[in-house]
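What follows is each chain in one-letter form.
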Amino acid sequence: MSSLVLLLIGLGIFFLALRTKDEIHHIAAMLAGTISLVWGFALAPLSFQLLFEIISVLAAFFVCMRCLGCGLNQD
């Protein structure tokens, strides 16, 4: 349960950081959001971590394959 709270706090801080205009506050909020998200992810159950890892690896794979395909079409 504490992992969910930390993940939600981290996401909330990220959304607030995107709305700030001052560069220092933006950087500080992004850093605080990142720490909160990492901490929440570390406390999350193993099944959630595995699901998130599989989704992120698949997303990175498809993005890289799309970029490789675009590089071949530039000739």
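Here is a short report on the structure shown in this document. (Residues numbered from 1 in each chain as written. Predicted model: local features only at pLDDT ≥ 70, side-chain atom pairs only at ≥ 80, totals over all residues. Heavy atoms only, no water.)

Quick word on the overall build of the protein chain
For the protein chain, the helix and strand inventory stands at three helices and zero strands. Ordering the α and β elements of the protein chain from the N terminus gives α-α-α. Taken over 75 residues, the protein chain has a buried fraction of 13%. Within the protein chain, residue pairs in contact and separated by at least 24 positions form 49% of the contacts whose partners lie at least 6 positions apart. Carbon together with sulfur atoms contributes 77% to the accessible area of the protein chain, which is approximately 6,100 Å² in total. (Helix = DSSP H or I, 4+ residues; strand = E, 2+ residues; numbered from the N terminus. Buried < 20%, exposed > 50% of the residue type's maximum accessible area, 1.4 Å probe, protein only. Contact = heavy atoms within 4.5 Å. Areas by Shrake-Rupley, 256 points an atom, 1.4 Å probe, with all protein chains shown as cover.)

Observations concerning the packing of aromatic side chains
Enumeration according to the criterion identifies four aromatic pairs in this entry. Measuring from centroid to centroid gives 6.3 Å for Phe 48 and Phe 52, while their planes differ by 20 degrees, and the two rings are stacked. Placement of the pair is Phe 48 and Phe 52 together in helix α3 (residues 46-72), with a separation of four residues, close to one helical turn. Among the aromatic residues, ring-to-ring pairing joins Phe 41, Phe 48 and Phe 52 into one connected group. (Phe/Tyr/Trp six-rings, centres within 6.5 Å; stacked < 30°, edge-to-face > 60°.)

As for a nonpolar patch on the surface
A grouping of Met 1, Leu 4, Val 5, Leu 8, Ile 9, Leu 11, Phe 15 and Leu 18 is seen on the molecular surface, where their side chains present a nonpolar patch of about 860 Å² in accessible area. Inspection of the secondary structure assignment puts Val 5 in helix α1 (residues 2-19). The exposure class assigned to Val 5 is partly exposed, which follows from its relative accessible area of 41%. (Patch = residues over 30% accessible without salt bridge, like charges linked within 9 Å, V, L, I, M, F, W, Y side chains within 5 Å. Salt bridge = Lys/Arg side-chain N within 4 Å of Asp/Glu carboxyl O.)

Structural notes on the packing of α1 against helix α2 (residues 23-43)
Across the interface, α1 lies against α2 with an axial gap of 8 Å and an inter-helix angle of 160 degrees. Relative to α2, the element α1 is oriented roughly antiparallel. Crossing handedness for the pair α1 and α2: left-handed. Residues Ser 2, Ser 3, Leu 6, Leu 7, Ile 9, Gly 10, Leu 11, Ile 13, Phe 14, Ala 17 and Leu 18 of α1 touch α2, and the partners they reach there are His 26, Ala 29, Met 30, Ala 32, Gly 33, Thr 34, Ser 36, Leu 37, Trp 39, Gly 40, Phe 41 and Leu 43. (Axes fitted to C-alpha atoms, helices over the stretch in contact; angles between N-to-C directions. Parallel < 35°, antiparallel > 145°, perpendicular 65-115°, else oblique. Left-handed = near helix turned anticlockwise from the far one by under 90°.)

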